[in-house]
Every structure is written in structure tokens, then in C-alpha cells.
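Architecture at a glance
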Amino acid sequence: MIIDGKALASEVEAETRVRVEELAALGQRPGLATIIVGENPASAMYVRIKHSACDRVGIRSENVNLPEDAGIDEIIETIRDLNGREDVNGILLQLPLPGNRDPALAMAAIDPAKDVDGFHPFNMGSLLAGAERLVPCTPKGIIWALERLGVDLKGKEAVIVGHSNVVGKPLAAMMLNRNATVSVCHVFTRDLAAHTRKAEILVVAAGVPGLIKGDMVRPGAYVFDVGINRVEGKTVGDVEFDEALLVAAAVTPVPGGVGPLTVSMLMSQTATAAKMQEQMNER
Ligand code: NAD
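This is a predicted model, so every value here is computed, not measured. (Residues numbered from 1 in each chain as written. Predicted model: local features only at pLDDT ≥ 70, side-chain atom pairs only at ≥ 80, totals over all residues. Heavy atoms only, no water.)

1. Some thoughts on the site of the ligand
So the rule is basically this: For this purpose, a residue is taken to be near a molecule or strand whenever a single non-hydrogen atom of the residue falls within 4 Å of it. Under the rule applied, a polar contact is a pair of N or O atoms within 3.5 Å (in protein, one hydrogen donor and one hydrogen acceptor; residues adjacent in sequence only if both atoms are side-chain atoms). Shrake-Rupley sampling with a 1.4 Å probe provides the accessible areas, and residues are treated as covered by the protein chains on show and by no other component. Only runs of H or I of at least four residues qualify as helices and only runs of E of at least two qualify as strands under DSSP, and these elements are numbered from the N terminus. In this classification, Asp, Glu, Lys and Arg are treated as charged, Ala, Val, Leu, Ile, Met, Phe, Trp, Tyr, Cys and Pro as nonpolar, and every other residue, Gly included, as polar.
In the region of the ligand, 19 residues are neighbours, and His 163, Ser 164, Val 187, Ile 228 and Thr 262 sit closest. Between the ligand and His 186 there is a distance of 3.5 Å, counted from a nitrogen atom to a backbone nitrogen or oxygen. Note that an oxygen atom of the ligand is positioned 3.0 Å from one of the backbone N or O atoms of Ile 228. Summarising the interface, the protein chains cover 71% of the accessible area of the ligand, which totals 850 Å² for the free molecule. The element that contributes the greatest number of residues to the shell around the ligand is helix α10 (residues 258–282), accounting for three residues. Along the lines of polarity and charge, the residues of the shell around the ligand split into 10 nonpolar, nine polar and no charged.

2. Concerning the side chain of Asp 115
Rules: Buried residues are those whose accessible area, probed at 1.4 Å on protein chains only, stays under 20% of the maximum for their type, while exposed residues exceed 50% and partly exposed ones sit between those limits. Counted charges follow a simple rule, with Lys and Arg positive, Asp and Glu negative, and His plus the chain ends left uncounted. Whenever a carboxyl oxygen of Asp or Glu lies within 4 Å of a side-chain nitrogen of Lys or Arg, that contact is scored as a salt bridge. In this analysis, two residues are considered to be in contact whenever any of their non-hydrogen atoms come within 4.5 Å of each other.
With respect to the helices and strands, Asp 115 occurs in the loop between α4 (104–109) and α5 (121–128). One buried charged side chain, Asp 115, makes no salt bridge at all; its nearest oppositely charged neighbour is Arg 133, positioned 7.8 Å away. Engagement of the side chain of Asp 115 in a polar contact is seen with the backbone nitrogen of His 120, the distance being 2.8 Å. Dropping the residues within four chain positions of it, Asp 115 is found in contact with Ile 91, Ile 110, His 120, Asn 123 and Leu 134.

3. Re the pattern of salt bridges
Evaluated as defined, the whole model comprises 10 salt bridges. Ionic pairing is found between Glu 62 and Arg 60, a salt bridge with its closest N-O pair at 3.0 Å. When its relative accessible area of 19% is taken as the criterion, Glu 62 is described as buried. The class for Arg 60 is partly exposed, based on a relative accessible area of 29%.

4. With respect to the pairing of strand β3 (residues 90–93)
When a strand is regular, its side chains alternate between the sheet's two faces. Note the following rule: For two strands to be treated as a pair, DSSP must find no fewer than two bridges joining them.
Residues of β3 alternate between two faces, with Gly 90 and Leu 92 on one and Ile 91 and Leu 93 on the opposite face, all of them buried. Bridge analysis of strand β1 (residues 31–37) against β3 gives four bridges, and the strand direction is parallel. Paired with Leu 32 across the strands is Gly 90, a residue of β3.

5. What to know about the environment of Pro 98
Position of Pro 98 relative to the elements: it lies in the loop between β3 and α4. Along the chain, Pro 98 and Glu 68 lie 30 residues apart, while their C-alpha atoms are 6.5 Å from each other.

6. Description of the packing of helix α2 (residues 41–57) against α10
Our working definition: What counts as an axis is a line fitted to C-alpha atoms, over the stretch in contact for a helix, and the angles between N-to-C directions run from 0 to 180 degrees. Note on angle classes: values under 35 degrees are labelled roughly parallel, values over 145 roughly antiparallel, values of 65 to 115 roughly perpendicular, and the remainder oblique. A clockwise turn of the near helix away from the far one marks a right-handed crossing, whereas an anticlockwise turn of less than a right angle marks a left-handed crossing.
Axis separation between α2 and α10 bottoms out at 10 Å; the angle between their running directions is 55°. Taken together, the axes of α2 and α10 are oblique relative to one another. Considering the relative orientation of α2 and α10, their crossing is right-handed. Contact residues: Ile 49, Lys 50, Ala 53, Cys 54 and Val 57 in α2; Val 263, Leu 266 and Met 267 in α10.

7. Comments concerning the sheet that holds β1
What the three strands build is an open sheet, ordered β2-β1-β3; its pairing is parallel. Looking at which strands have only one partner, the edges of the open sheet turn out to be β2 (60–66) and β3. Neighbour-to-neighbour, the strand axes of this sheet turn through a mean angle of 20°, independent of strand direction.

8. Points about the sheet that holds strand β6 (residues 201–204)
Consider a sheet: its strands pair through backbone hydrogen bonds, and that pairing is either parallel or antiparallel. The strand order across the open sheet built from five strands is β5-β4-β6-β7-β10, with neighbouring strands paired in parallel fashion. Looking at strand neighbours, the two that pair on one side only are β5 (181–185) and β10 (250–251), the edges of this open sheet. With five bridges joining them, strand β4 (residues 157–161) and β5 adopt parallel strand pairing. For Ala 158, the partnering residue across the bridge sits in β5 and is Val 182. Running at roughly 155° to strand β7 (residues 222–225), helix α6 (residues 137–148) makes contact with β6 and β7 of the sheet. Across the sheet, helix α7 (residues 168–177) lies against β4, β5 and β6, angled at about 170° from β4, the strand it touches most.

9. What about the side chain of Ser 183?
Inspection of the secondary structure puts Ser 183 in strand β5. Residues contacting Ser 183, with those up to four places away along its chain left out, are Ala 158, Val 159, Ile 160, His 195 and Lys 198.

Dropping the structure here:
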């Protein structure tokens, strides 16, 4: 089976649109502010996709474009302004920063209640402690899809390839919170295939095209290909899709798999953040 990420994302968006309308009826239309530093075309494209999704679900959106040479202080000042605005419920700093500057300080400046990407240390710490608040959108999308497909994580062998802060680490915590047995592999893992062949749920987020061949997939596995790579003018994932499809129970395509799910989760979390802020204001 091919896991249709676009169809699943439409379901999440439909659900979110209802929640957004409920908030709007209370005079609280949710708002998302994105920040881009510099002129990275890929960042501009991702932000455009996110703003289009906002339009579809009724979330107000705006973008702040800071110059390439904006220092960390200027980025933090922009974030503090947005933290203080009642009409902005979610703040997203588009990564990477120019020159691969460390975004950690800027991330930590975002109000945890507006941290719709779930990268703030408070939200990451809560996730690790088993209390999921706002969490990173790609792992949330994968967990949501597994639940929607009726896959119970309890006791399952889950293998994640890639240990980034954005995907691998938070997903491992979310899977542990649901009592899966989780292995996290990375570039220094000695025998990758020995791990992936055990996986009833295999998530690949390495950014290496063709890393996972058909013979590295366990028969009947659920395979989520997070990778986004450009090869000869085409967008491909990290998994040899046609080979995996012959062995697995279900595989996400690239494009049209994890990507749309991730964007839909950003919408869902912006609505959640707006609701949380409304409840905090009532107290
Ligand atoms: P990253 O780029 O920060 O790190 C790559 C990870 O893969 C590291 O853990 C590294 O050790 C591991 N790795 C690299 N080569 C490997 C190899 N040969 N064998 C085993 N492990 C290897 O990770 P990231 O930011 O999570 O991004 C990974 C990929 O996922 C990229 O292609 C990125 O564009 C994509 N991505 C997609 C979405 C989406 O919404 N679809 C979201 C986030 C990231």
C-alpha cells in the first residue's frame, strides 16, 4: 500500500479548519508568524507552502524577512516582538539560518506557548518526560498517520535512521512514550541493514538518496521516508520506493508522503497553541 500523505493531510486540515472556526467565533482567529533570515530559495518555498496551508484552514499568516546579515540579537528582538503580540499565536523560525549559524539561542527566545515547531528546550524536555505539549511537526505527523492506519505502537520494533533534533530524536521519544521498542541509527551505526531488517516500523530521515534498498526492509513493515533529495532534477527520498513497496505493508512516497503531513501538523499545532493561550488568558 502507498501511504497517501496528501489525503491524510487533507483530513488533518479539515479537522483543523473546524477548530479554527470555533476559535474565530470567540474572536480569536489563530495567527502564525514565520521568520526567514536571508534569501534562501528553499526556505522561501517552504514558507510559501506553509502560508498556503494557513489560507486553506483559515489561519491568519504573516512573514518577517530579515536581512542575510541579521545578527542573533536582531532575530531575538523580532521574536520578542511577536511573543508580545496577541494576534500571533504561533512563531516559526525557518531553518537553516544563513551560514549554518546555530539557531539554539533564537529558538529558546520563542515563547514556549507559541513554539509551534516544538523545538524550544521546555517543549523538548516535556516531550522527553512523557508530557507532550507542542512537539516537532514531522514526528507528530508520522505518529498521527500510524494511529490513523490502525498501527498500535505498543511492543513494536521501531527503527529510526537519522538522529536529528528535528526528526529522529523527538520521534524516538514519542515512540517510547507509546511503548515501542526503539532503535535509533545514524551515520556511525555499524551494520545499518541488520537494524532496518528488524523494523516493523521503519522511519528514514538521513538525506541520502537510495540509502534503504528493498532487501533492508522487513516483510510487512510500515515505512516512512522523510528524506528530501534532488537527484537529476527530481525530488526523491532515502528509500528505494519501488523495491520497498514489494516487501513492506505500506510505504510513503516522496513527494506526497511525509511532507504534506508535516505541514498539516503545523496547522493543527497553531490551532492548539491558540487554544492553549486562550485558556491561559482565562485563568
Ligand atoms: P540531518 O540532515 O540533520 O541529519 C542526517 C541524519 O542522518 C544524521 O543523524 C546522520 O547521522 C544520519 N545519516 C546520514 N548519512 C547516513 C548513512 N549513510 N547511514 C545512516 N545514517 C545516516 O537530519 P534531518 O534534518 O532530520 O533531515 C534528514 C532528511 O529529512 C533531509 O533530507 C531533510 O530534507 C528531510 N526532512 C524532511 C522533512 C519533511 O517534512 N518531509 C522534515 C525534516 C527533514
